[in-house]
Amino acid sequence: MVFPYRIVVAPSGFKESLSAADAAEAIAAGLRRAAPGAEIDLVPLVDGGEGTARALASAAGGRLVPVDASGPTGEPLRAELALLGGTAVVEMASVAGLSLVPPGLRDPGLTTTRGVGELLRGALDLGARRVLVGCGDSGTSDGGAGALQALGARLLDAGGRELPPGGAALRQLARVDPTGLDPRLAGTELVVACNPFNVLCGPRGVARVFGPQKGAGPERVEELSSALERWASVLARDVAPAGLDLRTGAGTGASGGLGAGLAALGARLRPRFEVLLDHVGLDARLAAADLVVTAEGALDRESSRGKVPGEVARRAKAFGVPVLVLAGTIGEGAREAARVGVDAWSGILPAPVGLPEALARGGEFLADAAERALRMVLLGGRLAERAVRS
């Protein structure tokens, strides 16, 4: 039997479990069990986090270039940046992502974005005149301090000593010496693809909102909040263009404050989906759909604030297409997603399981949940048909 509807599957990845492409394949497998003849359009989406460089290289016919860099705890690693003509794509998660920090070392007061600066130097070495920095999935909260240090800035305490890596050390910051910054930055366009809802400081500052997810306890969160306040003040005085709001400007809190650090160097902070989704033609594909299935690791009040499901729903709503969200967990504030166009949502876990098992079996659980959800959709359609006949 031919399934008469077209389904667009447009998920994000599930952190530490599934890439966006893997999530899309798992959902499609489950949908086909319920409707073997379904026409399914897979549109795995990146939000600037893990997999961004590889996805954009694939979508735009670019190439990946390996670069040696430092990881978030200082260990050497081999990362990749993408070259799309004269544009280089730097994925911060590839050198400073949470998945690179062993669980026993997760302290955002100590992790560093130094590797991001090293990737930027690598892009400059390759002759890039425009660099797109993807923000997301970070394991850091150093305000981009490590990246600036890798690019030649000196972060000094009151005694003129260089600060050690990590956001907590910024409490001792007295001045930033920018004289050693790589001069090639002045002739390079820097664009940061970020979540504009993330800000550096204040009640919804990045340390308070995301610090606990990265391993910070309550005391560490307050230390980092204070340190980032200091960072914003000194960076604005010593480096940033006059009048730039590094504390609460849109996107300044992206990736643990990397947005603020790069903005001080002249980078433009742009909503990530405006930058990234043009490469996949999402709007045209949504307009041709009868149903959209999207997914993410956790559906909560943040989902409508710059996350993939919220953006997909907002765009689909413009075309009157219904949207279903599948999520690893359903958290507080999930119902707020209905305001941006989400019509229904469902958790993927069939029963309480431990986190290691949930991560290991993510594809299996997601496929099963997609099958269950579509069977419910089909049941509702048959009931509606029966009501019309009667």
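Thresholds, definitions, all that
Residues numbered from 1 in each chain as written. Predicted model: local features only at pLDDT ≥ 70, side-chain atom pairs only at ≥ 80, totals over all residues. Heavy atoms only, no water. Helix = DSSP H or I, 4+ residues; strand = E, 2+ residues; numbered from the N terminus. Rg over C-alpha atoms; globule rule 2.2 N^0.38 Å. Buried < 20%, exposed > 50% of the residue type's maximum accessible area, 1.4 Å probe, protein only. Contact = heavy atoms within 4.5 Å. Areas by Shrake-Rupley, 256 points an atom, 1.4 Å probe, with all protein chains shown as cover. Pairing = 2+ DSSP bridges. Axes fitted to C-alpha atoms, helices over the stretch in contact; angles between N-to-C directions. Polar contact = N/O pair within 3.5 Å; in protein donor to acceptor, adjacent residues only side chain to side chain. Domains from an automatic or database assignment. Buried area = accessible area lost by both parts, 1.4 Å probe. Salt bridge = Lys/Arg side-chain N within 4 Å of Asp/Glu carboxyl O.

**Q** Please set out the overall build of the protein chain residue by residue, giving values where relevant.
**A** Helix and strand content of the protein chain: 13 helices and 13 strands. Here the C-alpha radius of gyration of the protein chain, 22 Å, is about what a compact globule of 390 residues would show, namely 21 Å. Once the C-alpha set of the protein chain is aligned to its principal axes, its extents read approximately 85 × 45 × 35 Å. Looking at the protein chain as a whole, 54% of its 390 residues are labelled buried. Taking the intrachain contacts of the protein chain between residues at least 6 apart in sequence as the baseline, contacts between residues at least 24 apart amount to 73%. On the protein chain, roughly 16,300 Å² of surface is accessible, and the fraction owed to carbon and sulfur atoms is 53%.

**Q** Account for the sheet that holds strand S4 (residues 76-84), naming residues and giving values.
**A** Pairing is mixed across the open sheet formed by six strands, whose spatial order is S3-S4-S5-S6-S9-S10. For this open sheet the edge positions go to strand S3 (63-70) and strand S10 (268-271), each flanked by a neighbour on one side alone. Each strand of the sheet is rotated relative to its neighbour by a mean of 30°, with strand direction disregarded. The pairing of S4 with strand S5 (residues 87-91) spans three bridges and is classified as antiparallel. Of the residues in S5, the one forming a bridge with leucine 83 is alanine 88. Sitting on the sheet, helix H4 (residues 114-125) is in contact with S3, S4, S5, strand S6 (130-134) and strand S9 (189-194), with an inclination near 135° to S3.

**Q** Which residues make up the side chain of aspartate 157, and what values go with them?
**A** Mapped onto the fold, aspartate 157 is located in the loop between strand S7 (154-156) and strand S8 (175-177). A relative accessible area of 14% places aspartate 157 in the buried class. Only 2.9 Å separates the side chain of aspartate 157 from the backbone nitrogen of glycine 159, close enough to count as a polar contact. With sequence-adjacent residues up to four places away left out, aspartate 157 is seen in contact with Leu163, Gln172 and Ala174.

**Q** Tell me about the domain arrangement of the protein chain, residues and numbers included.
**A** We note that the domain assignment places domain 1 (6-45 + 281-389) and domain 2 (52-274) within the protein chain. Centre-to-centre, using C-alpha coordinates, domain 1 lies 31 Å away from domain 2. In this assembly, nine residues from domain 1 lie in contact with nine residues from domain 2. Summing both sides of the interface, domain 1 and domain 2 together bury roughly 940 Å²; the carbon and sulfur share of this comes to 50%. For the domain 1 face of the interface with domain 2, the top three residues by lost area are Glu16, Arg305 and Gly306, together amounting to 50%. Taken together, the connections running from domain 1 to domain 2 amount to two salt bridges. As a salt-bridge pair, glutamate 302 and arginine 204 come within 2.6 Å of each other at their nearest N and O atoms.

**Q** Pulling in residues and values, what's your account of the pairing of S4?
**A** Where S3 meets S4, eight bridges bridge the pair, whose relative direction is antiparallel. If you follow leucine 64 over to S4, its bridge partner there is alanine 82. As consecutive antiparallel partners, S4 and S5 are separated by two residues, and within that stretch glycine 85 has a phi angle of approximately 65°, a positive value.

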